[in-house]
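The lines below spell out each chain.
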Amino acid sequence: MRRSPLDPFDGVVPFVEAAEAKSFRKAARTLGVTTSAVSKAIAKLELDVGVRLLHRSSRSVSLTTDGAAFLASCREAVGQVRAARALVSAAQDTPQGSLRVSLPSTFARRVVAMLPTLFLKHPALTVEVILTDRFVQLADENIDVAVRIGTVDDTQCIGHRLRMLRLVTVASPGYLKKHGVPRVPSDLARHNCLKYVLASGLDRPWLFGSAGAVSALKVEGTFKADHGEALLAAVVAGIGLVQAPDIMVADEIDRGQLVEVLPMHAAPGPPLTALCAPGRHHSPKVRVFVELLRTLCATDPAPVPARTGAPLSRGHSPASPPTGTR
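Read on for an overview of the structure. Since the structure is predicted, the reported quantities are computational estimates derived from the model, not experimental observations.

Rules used in this analysis
Residues numbered from 1 in each chain as written. Predicted model: local features only at pLDDT ≥ 70, side-chain atom pairs only at ≥ 80, totals over all residues. Heavy atoms only, no water. Helix = DSSP H or I, 4+ residues; strand = E, 2+ residues; numbered from the N terminus. Contact = heavy atoms within 4.5 Å. Areas by Shrake-Rupley, 256 points an atom, 1.4 Å probe, with all protein chains shown as cover. Buried < 20%, exposed > 50% of the residue type's maximum accessible area, 1.4 Å probe, protein only. Arc of directions from axis to C-beta. Core = buried A, V, L, I, M, F, W, Y, C linked by side-chain atoms within 4.5 Å. Patch = residues over 30% accessible without salt bridge, like charges linked within 9 Å, V, L, I, M, F, W, Y side chains within 5 Å. Salt bridge = Lys/Arg side-chain N within 4 Å of Asp/Glu carboxyl O. Phe/Tyr/Trp six-rings, centres within 6.5 Å; stacked < 30°, edge-to-face > 60°. Pairing = 2+ DSSP bridges. Axes fitted to C-alpha atoms, helices over the stretch in contact; angles between N-to-C directions. Parallel < 35°, antiparallel > 145°, perpendicular 65-115°, else oblique. Nonpolar A, V, L, I, M, F, W, Y, C, P; charged D, E, K, R; others polar. Left-handed = near helix turned anticlockwise from the far one by under 90°.

Remarks on the overall build of the protein
From N to C terminus, the protein includes 10 helices and 13 strands. Look at the contacts in the protein between residues 6 or more apart in sequence, and 78% of them connect residues 24 or more apart. Split by element, the accessible area of the protein, about 16500 Å² in all, is 56% carbon and sulfur.

As structure tokens, then:
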């Protein structure tokens, strides 16, 4: 028997969760139900629409061609319903419920350190942190707030500019004692320079300021990573130098684990922005979290503008600050 058309969402949410997780078990865990319940709901949905939506195997599930087309529409519909629920929730005065946030790995430690204050003020609030250096799709991954480093092109989301960053070059005291302190960017040719790998697979360029201009410098080293925490651990361990946004290494500099070099050649960095999913920026829980981020950034030293120093060596081409770094 076909189900009543009065309940068009019956089975849709389990289907969306299972399709995105590629697993009935993970979908069940997210929804707080049994794996059997998810499987039965999707089977009934397939019977209702008259096509198979998922391929099943003993280890995972995958979308059929019809399932992929159906998912695109269902995902949008589910996102709109969640946004509507968020708007209703915004009428409440007390931030409460689960808040899902995406943070760059090296920035997360500073945010987590401030969560006790947040929980003390709002005990009905729970926070789930997703650590990633990539740009996430907020609606697709059910993220309430994402902190991004770099230019944001997502016009669907509400952006809150937190601060402009400054690109600093740092090394451990032990490394500098052993290998010497670079005085001008061209000195880096004699140093081990650790590099961040962008999502494109390319190395993020090292940028330096001179006479009001920003130039890219080609550097070489024995270590690279696509994760900020790995690079931070490597530079603290004394493997080499690294260039990173100032807020990402501020704690290590304060503790004396890292030392900034070439400060007169520091280049202006990308913006640090908090993005809110459409329809959720009015939610009390989102508002208090964004305010926490603003407070955190306000307590950090203001970025220091690059001062005129010795010119870069010849052959360095002009470049703009990176827009996709994390």
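Some thoughts on helix 2 (residues 24-31)
Within helix 2 the residues assigned to the buried category are F24, A27 and A28. All buried residues of helix 2 lie within an arc of 100° about the axis, which places them on one face of the element. Every exposed residue of helix 2 that faces more than 90 degrees away from the buried side is listed here: R25, R29 and T30. Summarising the contacts, the buried residues of helix 2 are in contact with helix 1 (12-21), helix 3 (35-49), strand 1 (54-56) and strand 2 (61-63).

Some words on helix 8 (residues 228-236)
Burial in helix 8 covers these residues: G228, L231, L232, A234 and V235. The buried side chains of helix 8 occupy one side of the element, clustering within an arc of 165° when seen end-on.

Describing the nonpolar core
Counting 27 residues, the largest nonpolar core has F107, V111, V145, L272, F289 and L293 as its most contacted members. The residues contacting V111, other than those within four sequence positions of it, are L103, F289, L292, L293 and L296.

What about a nonpolar patch on the surface?
A cluster of nonpolar side chains, namely V112, V129 and L131, defines an oily patch on the protein surface of about 220 Å² accessible area. As for its position among the elements, L131 is in strand 4 (residues 125-131).

Some details on the packing of aromatic side chains
Aromatic ring pairs are defined here through the distance separating the ring centres and the angle between the ring planes. This model, assessed by the stated rule, comprises 1 aromatic pair. Look at F15 and F70: their rings are 5.5 Å apart centre to centre, the planes differ by 45°, and that puts the pair in the tilted class. Residue F15 is found in helix 1, and its partner F70 is found in helix 4 (residues 65-89); the two are separated by 55 residues along the sequence.

Observations regarding the environment of K26
Looking at where K26 falls in the secondary structure, it is placed in helix 2. Sequence separation between K26 and V38 is 12 residues, and the spatial gap between their C-alpha atoms is 10.0 Å.

Thoughts on the pattern of salt bridges
One pass over the structure, following the stated rule, counts 14 salt bridges. Among the ionic pairs, E20 bridges to R75, the shortest N-O distance being 2.9 Å. In this pair, E20 is assigned in helix 1 and R75 in helix 4, connecting sequence segments 55 residues apart. As a salt-bridge pair, R100 and E128 come within 2.9 Å of each other at their nearest N and O atoms. Taken together, the residues R100 in strand 3 (residues 97-103) and E128 in strand 4 connect sequence positions 28 residues apart.

Quick notes on unusual backbone geometry
A positive phi angle is found at K22, which is not glycine, with a value near 60°. According to the relative accessible area criterion, K22 is exposed, its value standing at 52%. Positive phi, normally seen in glycine, also occurs at L262, with a value near 55°. Along the chain, L262 falls in the loop between strand 12 (259-261) and strand 13 (267-276).

A look at the pairing of strand 8 (residues 206-210)
Summarising burial for strand 8: 5 of the 5 residues are buried, a large majority. Neither face of strand 8 is open: one carries W206, F208 and S210, the other L207 and G209, and all of them are buried. In textbook terms, the turn of a hairpin is the stretch between consecutive antiparallel strands, and for strand 8 and strand 9 (residues 213-217) this stretch comprises 2 residues, one of which, A211, has a positive phi near 55°.

Notes on the packing of helix 5 (residues 105-112) against helix 8
The geometry of helix 5 relative to helix 8 is characterised by a closest axis approach of 6 Å and an angle of 90° between their N-to-C directions. Here helix 5 is positioned roughly perpendicular relative to helix 8, judged by the angle of their axes. Note on element contacts: helix 8 touches helix 5 through G228, E229 and L232, opposite S105, T106 and R109. Residues that form the contact of helix 5 with helix 8 fall into these classes: 1 nonpolar, 3 polar and 2 charged.

Some points on the packing of helix 5 against helix 9 (residues 246-254)
Packed helix pairs are specified by the crossing angle of their axes together with the interaxial distance, meaning the distance between the axes. In the contact formed by helix 5 and helix 9, the axes pass within 8 Å of each other and the chain directions differ by 60°. In terms of axis orientation, helix 5 runs oblique to helix 9. For helix 5 against helix 9, the interelement crossing comes out left-handed. Of the residues in helix 9, those touching helix 5 at T106, F107, R109 and R110 are I247, M248, A250, D251 and E252. Its residues assigned to classes, the contact of helix 5 with helix 9 comprises 4 nonpolar, 1 polar and 4 charged.

So yeah, pure geometry; function would need other evidence.
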